[in-house]
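Architecture at a glance
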Amino acid sequence: MLVTLLLLGAAGLPALTSASYVTSMSPNAQGLLNESMAWMDTFYDRDLGYLYDVEGGAALRHETRSSAWYALGLLARNDSTEAERIITNIIGAQFKDPSKQWYGDYQKYPEEPEVGTAAYPASIYNSWDPNWRGFVGTTFVVMLEEFPDLISEAVQELMLESLFNATVGDSYRVGGVDDDNLYPSYSNPALMRAFVSGWTGRRLGDQNMTDAGEQYAQEIVDLFVRHNTLSEFNSGTYTGVSLFGLLLWCKYLPAAGGSVMSAYGPKMLRDTWSAVAQLWHPGMRNMAGPWDRAYGYDMNRYVSLMALWMWTLIGKEHSSLINKPQVMSHSADWAWSPLMAVLADFHATLLPDGLLDSLTSLSGEHTFEAQAYYPPYDYAPRNITTWLSENVTIGAESYNETVVGGPSTSQESFNPAVVQWTTGSEIGFLSLYPTERSLDVQVAPWRLDLSYPEGNASSIFTLVVSAFADGRSVNGWEEVKGISVKVSGNVNTTHSLSFAGQMGGQSKPLRDFEFWNFTYVMPDGFQGVPQLSLEFSI
Ligand SMILES: *[C@@H]1O[C@H](CO)[C@@H](O)[C@H](O)[C@H]1NC(C)=O
Ligand SMILES: *[C@@H]1O[C@H](CO)[C@@H](O)[C@H](O)[C@H]1NC(C)=O
Ligand SMILES: *[C@@H]1O[C@H](CO)[C@@H](O)[C@H](O)[C@H]1NC(C)=O
Ligand SMILES: *[C@@H]1O[C@H](CO)[C@@H](O)[C@H](O)[C@H]1NC(C)=O
Ligand SMILES: *[C@@H]1O[C@H](CO)[C@@H](O)[C@H](O)[C@H]1NC(C)=O
Ligand SMILES: *[C@@H]1O[C@H](CO)[C@@H](O)[C@H](O)[C@H]1NC(C)=O
Ligand SMILES: *[C@@H]1O[C@H](CO)[C@@H](O)[C@H](O)[C@H]1NC(C)=O
Ligand SMILES: *[C@@H]1O[C@H](CO)[C@@H](O)[C@H](O)[C@H]1NC(C)=O
Ligand SMILES: *[C@@H]1O[C@H](CO)[C@@H](O)[C@H](O)[C@H]1NC(C)=O
Ligand SMILES: *[C@@H]1O[C@H](CO)[C@@H](O)[C@H](O)[C@H]1NC(C)=O
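Residues numbered from 1 in each chain as written. Chains lettered and ligands numbered in written order. Predicted model: local features only at pLDDT ≥ 70, side-chain atom pairs only at ≥ 80, totals over all residues. Heavy atoms only, no water.

1. A look at the domain arrangement of the chain
Filter applied, for reference: For every domain, the bounds stem from an assignment made automatically or drawn from a database. Throughout, a contact is declared for two residues whenever any of their heavy atoms are within 4.5 Å. Accessible-area loss on putting two parts together, using a 1.4 Å probe and summing over both, is the definition of buried area adopted here. Think of a salt bridge as a Lys or Arg side-chain nitrogen and an Asp or Glu carboxyl oxygen that are within 4 Å of each other. As used in this structure description, the phrase polar contact means that two N or O atoms lie within 3.5 Å; if the pair is within protein, one of them must be able to donate a hydrogen and the other to accept it, and residues adjacent in sequence are counted only when both atoms belong to side chains. Helix and strand assignments follow DSSP, with helices taken as H or I runs no shorter than four residues and strands as E runs no shorter than two, numbered in order from the N terminus. Throughout this entry, Asp, Glu, Lys and Arg are counted as charged residues, while Ala, Val, Leu, Ile, Met, Phe, Trp, Tyr, Cys and Pro are counted as nonpolar. The remaining residues, Gly among them, count as polar.
Entries for the chain in the domain assignment read domain 1 (4-358) and domain 2 (364-537). Placing a centre on the C-alpha atoms of domain 1 and another on those of domain 2 gives a separation of 32 Å. Each partner contributes to the interface: domain 1 provides 35 residues, whereas domain 2 provides 43 residues. Among the residues of domain 1 in contact with domain 2, M284, P290 and Y297 are the three that bury the most area, contributing 25% of the side total. The tally of links between domain 1 and domain 2 comes to 1 salt bridge. Summed over the shared surface of domain 1 and domain 2, the number is 15 residue pairs in polar contact (both at pLDDT 80 or more). Secondary-structure elements contributing two or more residues to the side of domain 1 that touches domain 2 are α8 (207-227), α10 (260-279), β6 (280-281) and β7 (286-287). In terms of residue class, the side of domain 1 that touches domain 2 is made up of 17 nonpolar, 12 polar and 6 charged.

2. Remarks on the pattern of salt bridges
We count it as follows: Relative accessible area decides the class of each residue, using a 1.4 Å probe on protein chains only: under 20% of the type maximum gives buried, over 50% gives exposed, and in between gives partly exposed.
This structure, assessed with the given rule, holds 20 salt bridges. A salt bridge links E232 to R293, with the nearest nitrogen and oxygen atoms 2.8 Å apart. Pair noted here: E232 is in the loop between α8 and α9 (238-251) and R293 is in the loop between β7 and α11 (305-314), with a separation of 61 residues, a long-range link. Summarising the burial analysis for this pair, E232 and R293 share the class buried. A salt bridge links R382 to D292, with the shortest nitrogen-to-oxygen separation between them at 2.5 Å. One end of the pair, R382, is in strand β9 (residues 382-388); the other, D292, is in the loop between β7 and α11, with 90 residues separating them in the sequence.

3. Section: the site of ligand 6
Filter applied, for reference: In these notes, residues near a molecule or strand are those with any non-hydrogen atom within 4 Å of it. We get accessible surface area from the Shrake-Rupley algorithm with a probe of 1.4 Å; when it comes to residues, only the shown protein chains can shield them.
Neighbouring ligand 6 are the residues Q371, A380, P381, N383, S398, Y399 and N400. For ligand 6, a nitrogen atom lies 2.9 Å from a polar atom in the backbone of P381. At 2.4 Å, a side-chain N or O of N383 approaches an oxygen atom of ligand 6. In the complex, the protein chains occlude 51% of the 360 Å² of accessible area that ligand 6 would expose alone. If one sorts the elements of the shell around ligand 6 by residue count, strand β10 (residues 392-400) sits on top with 3 residues. Taken together, the residues that form the shell around ligand 6 break down as 3 nonpolar, 4 polar and no charged.

4. Regarding the site of ligand 10
For ligand 10, the full set of nearby residues is N492, T494, P523 and D524. One of the side-chain N or O atoms of N492 is found 2.2 Å from an oxygen atom in ligand 10. Protein chains shield 38% of the accessible area of ligand 10, which is 360 Å² for the free molecule. In the shell around ligand 10, the residues fall into 1 nonpolar, 2 polar and 1 charged.

5. Let's talk about the packing of helix α7 (residues 187-204) against α8
Test applied: Here an angle of 0 to 180 degrees is reported between the N-to-C directions of two axes, which are lines fitted to C-alpha atoms, with helices fitted over the stretch in contact. Orientation labels follow simple angle bins: below 35 degrees gives roughly parallel, above 145 gives roughly antiparallel, 65 to 115 gives roughly perpendicular, and whatever is left gives oblique. Note on convention: near helix rotated counterclockwise from far helix by under a right angle means a left-handed crossing. Clockwise means right-handed.
Look at α7 against α8: their axes get within 7 Å of each other, and the N-to-C directions meet at 150°. With respect to each other, α7 and α8 are oriented roughly antiparallel. Where α7 crosses over α8, the handedness of that crossing is left-handed. Contacts between α7 and α8 involve A190, L191, R193, A194, S197, G198, T200, G201 and R202 from the first element and M209, T210, A212, G213, E214, Y216, A217 and I220 from the second.

6. A closer look at the sheet that holds strand β3 (residues 44-45)
Note the threshold: Two strands pair under a simple rule: DSSP has to find at least two bridges between them.
Sheet architecture is open: 3 strands sit in the order β3-β4-β5, paired in antiparallel fashion. Because the sheet does not close on itself, it has two edges, and the strands there are β3 and β5 (62-63). Of the pairings in the sheet, the one linking strand β4 (residues 50-52) to β5 comprises 2 bridges and is antiparallel in character. By the bridge assignment, L51 is partnered in β5 with E63.

7. Observations regarding unusual backbone geometry
Each neighbour pair has its own omega, and for G289 with P290 the value is 0°, a cis peptide bond. Looking at where P290 falls in the secondary structure, it is placed in the loop between β7 and α11. The step from P375 to P376 runs through a cis peptide bond, and the omega angle for that step is 0°. As for its placement among the helices and strands, P376 is situated in the loop between β8 (366-372) and β9.

8. A word on α8
For an α-helix the count is 3.6 residues per turn, leaving residues at separations of three or four pointing the same way. Here is the rule we go by: Expected helix span is computed as 1.5 Å times (number of residues minus one).
Look at α8: 31 Å from first C-alpha to last across 21 residues, which is about the 30 Å you get at 1.5 Å a residue. Within α8 the residues assigned to the buried category are M209, T210, G213, E214, Y216, A217, I220, V221, L223 and F224. Packing partners of the buried residues in α8 comprise α6 (153-170), α7, α9 and α10. Of the residues flanking the start of α8, the one acting as N-cap is D206, its side-chain oxygen 3.2 Å from the backbone nitrogen of N208. Taken from the residues just after α8, N228 is the one with a positive phi, measuring 55°.

9. Digging into the pairing of β8
Look at any regular strand and the pattern is simple: side chains alternate between the two faces of the sheet. Side chains of β8 alternate between two faces, with H366, F368, A370 and A372 buried and T367, E369 and Q371 left unburied. Strand direction decides the pairing type here: β8 and β9, joined by 7 bridges, are antiparallel. When the sheet's bridge partners are listed, F368 is paired in β9 with T386.

Listed below in structure tokens is the structure:
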């Protein structure tokens, strides 16, 4: 029997929706879908058929990507009318000129000026974002696979044409050319690219497109199996995208018929979760460091995609989300939820044994070791060591790279050495702000040794240390809450200390996080390898 009920839908209008698909999902997936959709309903502009920018503060401009995810949620709720409107709007604005680098990509927002004009120059990852082909394209595939009966023939054909163009445009991407950085090592968009090409090629009978996807997938697989890790390793946000990409590999490509993606996807997904299982601290609700790319220093304060996956697996209350995810930092990622919810129950069939136990209770004090390799930015594999205990985690990686700030050249998001601890009421953090192209680390229980093999007398060690709600002034290590820190090394042990505050201080917060900046410089006349050691106790 089908259950139909009245819900307060978009713009406060009662919408007739069906509960049958939704109620067939596991309770956690339903909760994720229902709560995220209730939040997005309040952003839906029914007059235009787009969501307003979900982070607000955009003077009522709209946003493309979250609109696509919302449309998927609408299909799950059997609201195909509004879903088709959104889909048609998004495709209407898809870039159509094959001579442009952004061909087949999706607009970031409908009000934007024409990309590539004098007034609005093309700027990759800014005025256009090449990864949006993947974000929107994969969402279209999920819609076509899960809800074909709810989408008219005409709109399905339009979506396939859109996917074809997006795939052709994506094939323009070559790492190192035209400011692009899509190598097979850039795990999250690489996984999506291979998938969309392999899926669309099969669906349209375009063997060349299928082969291109399979070949790209093979390059990703070859890289993965070197160390059984993703090149873009341990990120609260991007591990979540990569798991999504791997699920697409597992679910929507034929097992028979020789797709390298369906052959290797399940192993890659399980290996990735096995690493997460060892790095996730259930008490602190954080993935311990090091983080290749992080959008904050404490997952309890920003929305991460891993938190959304955790919700589907172990429940919202055990994830790192607060009750109202929309008030957390990076809240726009809360709009990913319909994708996670729709894939959740299939995902659960692929997990390694014992995963859920290790996500809900710490499997004792332990040390995790791994390697990860991200050519062409890594001269050698990165060596990762993370020690986890009940109240403190220390994780760091040795690296030797071509750039400062990791492959995304972002000092703000690359966190190669991270300590986290509990104060009882808050998560404290300490993270080395990367200023060098190479770093050697030693991690042991209660101890972190850092050195710069190619450093010199100008090298500095900047430690980004949490600000505390409960202990608002910090004048030295002795006032850092919840942990004792002893510093030694060949640095000048007289450090500088400044505050990065939203409203003032010496510098600005990073990723919304205010912090204390402990910086060590080298002594006058220094020669040799700069070295800093930290010993912790509680
Ligand atoms: C979905 O909505 C349509 C009307 O738009 C309705 O005819 C159909 O019964 C609904 N499907 C389910 C499964 O409730
Ligand atoms: C989700 O919403 C549907 C109605 O669309 C409802 O039937 C279901 O009980 C809700 N599930 C949860 C877990 O809240
Ligand atoms: C796909 O690209 C072609 C140009 O190659 C363009 O004419 C067509 O309108 C595009 N289709 C869509 C759905 O954007
Ligand atoms: C085949 O695919 C490759 C990679 O996507 C592309 O560069 C090439 O132009 C395609 N050739 C044809 C004939 O479609
Ligand atoms: C961790 O902290 C809690 C609360 O302060 C304390 O009871 C417990 O003994 C600590 N565990 C260890 C291993 O120090
Ligand atoms: C990581 O360890 C391997 C030996 O297993 C070594 O060859 C490599 O140089 C190390 N990487 C770095 C960046 O130190
Ligand atoms: C980093 O790699 C480069 C290129 O192979 C090499 O010249 C340099 O010595 C390496 N640095 C370290 C610290 O291993
Ligand atoms: C240290 O190395 C950096 C980068 O290689 C260089 O710019 C700087 O001048 C060097 N400083 C000293 C004191 O040698
Ligand atoms: C930390 O402080 C040092 C010394 O004042 C300064 O040079 C550096 O820019 C600061 N770093 C950050 C990330 O604010
Ligand atoms: C260490 O730094 C302090 C403060 O800047 C300075 O007075 C002192 O001379 C430095 N010592 C050495 C050995 O460089």
